[in-house]
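What follows is each chain in one-letter form.
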Amino acid sequence: MSQPAPHVEYLAVHKRYADSDWVVRDLDLELNRGEFLTLLGPSGSGKTTCLMMLAGFEPATTGDIRIDGVSVAGLPPDKRGLGVVFQNYALFPHMSVGANLAFPLEVRGLSAGQRRERVARALELVRLEDFEDRRPNQLSGGQQQRVAIARALVFEPELVLMDEPLGALDRRLREQLQYEIRRIQRQLGVTVLYVTHDQTEAMAMSDRVAVFRAGRIEQVATPEVLYEEPQTPFVASFIGENNLLKGRIASVGRGVCEVEVAGQRLQAAHISDLPPGSETLVAIRPERVNIAPLPMRYSNEFEALVEDISFLGDHLRVRLEVCGNSDFIAKIPNIVGHGGILPGDQARIGWGALDCRALEAASY
Amino acid sequence: MGALALVLPLLAFVTLSFVVPLATLLSKSAYQPEVSEVFPETMHVLARWNGEGLPPEAAFAAMAGELAKALDERALPRASGAINRVQGGMRGVLNLTARRLARTDFAGTWRETLAGISGDWLQPRTWLAIREAGAPFTLRHYLQALDLERKEDGSIGFRPEDSRVYTPLMWRTLLVSLGVTLLCLLIGYPIACMIANSPPKRSRLLLLLVLVPFWTSLLVRTTAWIVLLQRQGVINGLLVGLGILPDDARLQMIYNMTGTFVAMTHVLLPFMVLPLYSVMRSIPPSHMPAAVSLGASPLKAFRRVYLPQTLPGIGAGSLLVFILAIGYYITPALVGGRTGELISSQIAYHVQTSLNWGLAAALSSILLVAVTVLYLIYSRVVGIERMRLG
């Protein structure tokens, strides 16, 4: 069976503005039909520019963007038929909610009856049935955002772009709307390209996440793979929390390598083709680190100096000095207790060889 | 009560400098006590006269007595000027009679005595004029300001077409003001749009350029246009120099309607740009892309989404420019010539030169009423609470 054509393709896309540096560099990305893909990265990393190029508001400097295998280079934004949700909602304040929703239908020449029916259906989708006659400024932020989403969906586009749609909302509302957006996306089966700088949001909603850094994609993968198998030190530290230990590869075995860190040796998963002698950053998740007196038989065990302990309810956060690295974090779940460790104590810590990954230091 | 004390200085200032002078001036348009103050007895007698033929002997007697008294008290010029405005030549008759009266022998009746000095005293229209000028409350100035007159039979009708002065001028003022407002809108809208949507650095610079004219005297700006537009001026010189125009066909661009339009539009443009800019700046820049992404062509997106949101700015700017234009004086007076003259220069003429303050006040009142009516219509149509000045 042949693979269906991707819904959206970015092919070697570069972008730069008149007299600035490259904003997007050598971007290759595919979105499958019905997929929820998030562009995640710090601000200024080029993710919004990627979205705007697909929407047609910015031309690519070089390279090509295709929808259903057809280049959209010459297509003006109003002919692309994409739903776009903007950061500040961009609801038209001089029109009622109903008129806002009817606007895309009206410019498409739908009859009044069809418009009414579609608007009602869209409002039902975002659970705002009773708000048709309100003005946008009479709605709360969350309601406005739901109207904006309904407006981007009401003309039944197959592809919807969302540019940090939840950025202006408080945390609880954001979480609530994350589920709602996900529900709507599954229900309608639309393809979504979503931009955010919030990694929990990206993890919670996406089928796949593309991590951006300085105009390049560092890694595209499912949230789980991003977390468990980061390919670069940037991804390792941007997604969740990671301890990064700087060292040099001493020897390479089968899938595992030995790394020299500040005179001590540790074993780590060898996931790149780094040869012995090259610089590396070893990434260890704080929750994979164990502290004695728990029974330990790990390939990596070290003496560490406890610098600080914080009690955070569900876990203890212990700051340690390990191998000359003073900001090493270990998280101990609250079911265990900290066994009487106090700041200033010497403690024995350890983790498994496959719980840490030797990443290419040069790319950080 | 304490808060009221805080506004008291302002209240006093506004009352003294604005309400009182305005009320005084407006009252002058209808209230004119000079004649009745100088000739109280005469007016008393004339009030009972039916207006047919000549008034009774008592009127002649009263007039003779009060003329002599007025001459002594140097009150005559005030009254004779007002009567003269009703009927030309009366100033001379009154002055002559007053001066001769002392040296003239009483001829049996005062009627004969006055008739001996000037034959005009035997004309009924002389007395009609005095009676009309003597009425302290009069609509005469308004009639004159509207180019109306009282016919022989007492009815009110328009003056003959060729002797109408003020109504054509008022229509012209109205049309020029509307035209200038429209021009300002057409020129100002794209400028405001550009300033509002430029990056901060460029928008500051452009805004500064809009404001720079405010730092220059109005007189300088207007004279600059004279330098540019006159027959031997910069623009004509350039056109002739480039061979576009022959030397004997230089364009007349100043001291006519063109000059008025050009200079007024230039001077009033910032008053359109600033309210527009302030409204446009409050429109999020994502609205146009949002409308386009929903399938509207850029033109349609502008018409349906951007333009309606700028209406409060258009309203504020237009009203501001229109009201300023309708009372504009210096610029049209300097560059308008005969054909580009507006009603304001007639008002100034009657205040400063002819000293017919009643007429000047009547013209001003009519202007005030016109602006008020337009403002009310406007606020009904657009809604004044939606207007934004900045």
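Rules used throughout
Residues numbered from 1 in each chain as written. Chains lettered and ligands numbered in written order. Predicted model: local features only at pLDDT ≥ 70, side-chain atom pairs only at ≥ 80, totals over all residues. Heavy atoms only, no water. Pairing = 2+ DSSP bridges. Helix = DSSP H or I, 4+ residues; strand = E, 2+ residues; numbered from the N terminus. Buried < 20%, exposed > 50% of the residue type's maximum accessible area, 1.4 Å probe, protein only. Domains from an automatic or database assignment. Contact = heavy atoms within 4.5 Å. Buried area = accessible area lost by both parts, 1.4 Å probe. Salt bridge = Lys/Arg side-chain N within 4 Å of Asp/Glu carboxyl O. Polar contact = N/O pair within 3.5 Å; in protein donor to acceptor, adjacent residues only side chain to side chain. Nonpolar A, V, L, I, M, F, W, Y, C, P; charged D, E, K, R; others polar. Right-handed = clockwise from strand over helix to strand, strands pointing away.

A. A look at the sheet that holds strand S4 (residues 62-67) of chain A. Residues and elements named next belong to chain A. With respect to topology, four strands assemble into an open sheet ordered S2-S1-S4-S5, the strand pairing being antiparallel. Sheet topology places strand S2 (22-31) and strand S5 (70-71) at the edges, where each strand pairs with a single neighbour. Pairing geometry for strand S1 (residues 8-16) and S2, over six bridges, is antiparallel. Bridge assignment links lysine 15 to a residue of S2, and that residue is valine 24.

B. Main features of unusual backbone geometry. All names here are of chain A. The phi angle at aspartate 68 is positive, at roughly 50°, despite the residue not being glycine. Counting through the fold element by element, aspartate 68 comes out in the loop between S4 and S5. Exposure remark for aspartate 68: the relative accessible area of 39% places this residue in the partly exposed category.

C. Examining the domain arrangement of chain A more closely. Residues and elements named next belong to chain A. In terms of domains, chain A is made up of domain 1 (8-233) and domain 2 (241-363). Just the C-alpha atoms count here: the centres of domain 1 and domain 2 sit 39 Å apart. In this assembly, nine residues from domain 1 lie in contact with ten residues from domain 2. Roughly 860 Å² of surface becomes buried between domain 1 and domain 2 when both sides are summed, with 43% attributable to carbon and sulfur atoms. Among the residues of domain 1 in contact with domain 2, Tyr227, Pro230 and Pro233 are the three that bury the most area, contributing 62% of the side total. If you look at where domain 1 meets domain 2, you find one salt bridge. Our enumeration of links across domain 1 and domain 2 arrives at five residue pairs in polar contact (both at pLDDT 80 or more). At three residues, the largest contribution of residues to the side of domain 1 that touches domain 2 is made by helix H7 (residues 223-228). Each residue belonging to the side of domain 1 that touches domain 2 can be placed in one class, and the counts come to four nonpolar, two polar and three charged.

D. Main features of the domain arrangement of chain B. Each assigned domain of chain B is listed with its residue range as follows: domain 1 (32-136) and domain 2 (166-386). Each of domain 1 of chain B and domain 2 of chain B was reduced to a C-alpha centroid, and the two centroids are 51 Å apart.

E. Up close: the sheet that holds strand S18 (residues 325-333) of chain A. Residues and elements named next belong to chain A. One open sheet accounts for five strands, arranged S15-S19-S16-S17-S18; its pairing is antiparallel. Two strands close off the open sheet at either side, each with one partner strand: strand S15 (290-291) and S18. Where strand S16 (residues 300-311) lies against strand S17 (residues 315-322), six bridges are found, and the strand directions are antiparallel. Within S17, the position partnered with serine 310 by the bridge is arginine 317.

F. Fine view of the interface of chain B and chain A. Contact with chain B, which involves 18 residues of that partner, is made by 20 residues of chain A. Taken over both partners, the interface formed by chain B and chain A buries close to 1,600 Å², and the fraction arising from carbon and sulfur atoms is 67%. Sorting the residues of chain B by area buried against chain A places Ser293(B), Leu294(B) and Arg304(B) first, and these three jointly supply 40% of that buried surface. Connecting chain B to chain A are one salt bridge. In this structure, the salt-bridge partner of Glu106(A) is Arg304(B), at a minimum N-O distance of 2.4 Å. One can count five residue pairs in polar contact (both at pLDDT 80 or more) joining chain B with chain A. Put simply, the parts of the chain that give the side of chain B that touches chain A at least two residues each are helix H15 (287-293) and helix H16 (298-326) of chain B. Considered class by class, the residues forming the side of chain B that touches chain A number ten nonpolar, six polar and two charged.

G. Focus on the pairing of strand S8 (residues 191-196) of chain A. Residues and elements named next belong to chain A. Taken across its six residues, S8 has six buried, putting it largely inside the fold. Every second residue of S8 is oriented toward a common face, with Thr191, Leu193 and Val195 on one face and Val192, Tyr194 and Thr196 on the other, all of them buried. Bridge count between strand S3 (residues 36-40) and S8: five bridges; the pairing is parallel. What sits directly across from phenylalanine 36, in S8, is valine 192. Pairing geometry for strand S7 (residues 159-163) and S8, over five bridges, is parallel. Residue aspartate 163 lies in a different strand from S8, and its bridge partner there is valine 195. A crossover connection joins S7 to the parallel S8 through helix H5 (residues 171-188); in handedness this β-α-β unit is right-handed.

H. Local environment of the environment of Gln145(A). Residues and elements named next belong to chain A. One can find glutamine 145 in helix H4 (residues 141-153). Sequence separation of glutamine 145 and asparagine 88 is 57 residues, and the distance between their C-alpha atoms is 8.3 Å. Not counting residues up to four positions away in its chain, the partners in contact with glutamine 145 are Val85, Phe86, Gln87, Tyr89, Pro165, Leu166, Leu169 and Leu177.

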